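Notes for the structure review
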Amino acid sequence: MPHLDAAYNLARWLTRNEHDAEDIVQDAFLRAFKFFEGFRGGNSRSWLLSIVRNTAYTWLQKNRKHELGTFSDQEIESIQDGAPDPEALLVKDTDHQES
């Protein structure tokens, strides 16, 4: 799944708990799937991470209101994504096939 690592890293960073992060990412992916028709193209990573961020805020508001903080889109974009770059994988695969 594209951006799964980035989604988990963001949720983990926001909640500071791996189990809560897993639940939030699962819920966020379900929301993304449900509202995929509303995606108008563009940066899918930003779109998905916004859903993860909003899902995490909702979860924190419900479960840990005293820990709720806000983060800018720039802070979220700076979180490292451990997943390979799809474009680099495609180029590598194309180069490999030509050999």
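Here the residue index of a chain counts from 1 through its sequence in written order. In keeping with the model being predicted, local features are shown solely for residues with a pLDDT of at least 70 and side-chain atom pairs are shown and tallied solely at 80 or more, while totals for entire chains, interfaces and linings include all residues. Think of the side-chain values as coming from all heavy atoms in the structure, minus any hydrogens and water.

On to the overall build of the protein. We count a stretch as a helix when DSSP gives it H or I for four or more residues in a row; a strand needs E for two or more, and each element gets its number in order from the N terminus. Summing up its helical and strand segments, the protein has five helices and zero strands in all. Traced from its N-terminal end to its C-terminal end, the protein shows the element sequence α-α-α-α-α. The buried label applies to any residue whose accessible area, calculated with a 1.4 Å probe on protein chains only, is under 20% of its type's maximum; exposed applies above 50%, and partly exposed to all values in between. Out of the 99 residues belonging to the protein, those deemed buried represent 28%. Should any heavy atoms of two residues lie within 4.5 Å, those residues are counted as being in contact. Of the contacts made within the protein by residues no fewer than 6 positions apart, 62% connect residues no fewer than 24 positions apart. Only the protein chains shown count as cover for residues, with accessible areas throughout obtained via the Shrake-Rupley method and a probe of 1.4 Å. Of the accessible surface of the protein, which amounts to about 7,100 Å², a share of 53% is contributed by carbon and sulfur atoms.

Along the chain, the position of D20 falls in helix α2 (residues 18–34). Apart from residues no more than four positions distant in its own chain, D20 is found in contact with T15, W59 and R64.

What follows covers helix α3 (residues 44–63). Between its first and last C-alpha, α3 extends 28 Å over 20 residues, near the 28 Å set by a 1.5 Å rise per residue. For α3, the complete set of buried residues consists of R45, L48, L49, I51, V52, R53, T55, A56, Y57 and L60. Expected helix span is taken as 1.5 Å per residue step, with the number of steps being one fewer than the number of residues.

In this section: the nonpolar core. Buried Ala, Val, Leu, Ile, Met, Phe, Trp, Tyr and Cys residues that are joined via side-chain atoms within 4.5 Å together make up what is termed a nonpolar core. If you look at the biggest cluster of nonpolar residues, it comprises 17 residues, and the most contacted ones within it are A7, A11, L48 and V52. Mapped onto this core, the elements with two or more residues apiece are α1 (4–15), α2 and α3. A7 has contacts with V25, F29, L48, L49 and V52, leaving out every residue within four places of it along the chain.

Another point: unusual backbone geometry. Across residues other than glycine, the phi torsion is negative in most instances, and most of the peptide bonds are trans. Even without a glycine there, the phi angle at R16 is positive, about 60°. Exposure remark for R16: the relative accessible area of 59% places this residue in the exposed category.

Quick look at the environment of L10 now. Tracing the chain through its elements places L10 in helix α1. A residue is classified by how much of its surface remains accessible, and L10, at 0% relative accessible area, is buried. Measuring from C-alpha to C-alpha, the distance between L10 and A21 comes to 8.2 Å, with eleven residues separating the pair along the chain.

This paragraph deals with the confidence of the model for the protein. Think of pLDDT as the predictor's per-residue confidence, scored from 0 to 100. Scored by pLDDT, the protein comes out at a mean of 77, with 61% of its residues at no less than 70. Summarising per-element confidence for the protein, the mean pLDDT is lowest in helix α5 (residues 86–98) (64) and highest in α2 (89).

Packing of α1 against α3 brings their axes to within 10 Å, and their N-to-C directions diverge by 30°. One way to sum up the angle between α1 and α3 is to call them roughly parallel. Taken as a pair, α1 and α3 cross one another with a handedness that is right-handed. In this structure, α1 uses A6, A7, L10, A11, L14 and T15 to contact α3, whose residues at the interface are R45, L48, L49, V52, R53, A56, Y57, W59 and L60. Each residue gets one label: Ala, Val, Leu, Ile, Met, Phe, Trp, Tyr, Cys and Pro are nonpolar, Asp, Glu, Lys and Arg are charged, and the others, such as Gly, are polar. Of the residues that constitute the contact of α1 with α3, the class distribution is twelve nonpolar, one polar and two charged. Note on method: axes are straight lines fitted to C-alpha atoms, helices fitted across the in-contact stretch only, with angles between N-to-C directions ranging 0 to 180 degrees. By the definition adopted for this analysis, an angle is roughly parallel if under 35 degrees, roughly antiparallel if over 145, roughly perpendicular if from 65 to 115, and oblique otherwise. In this scheme the crossing of two helices becomes right-handed for a clockwise turn of the near helix relative to the far one and left-handed for an anticlockwise turn of less than a right angle.

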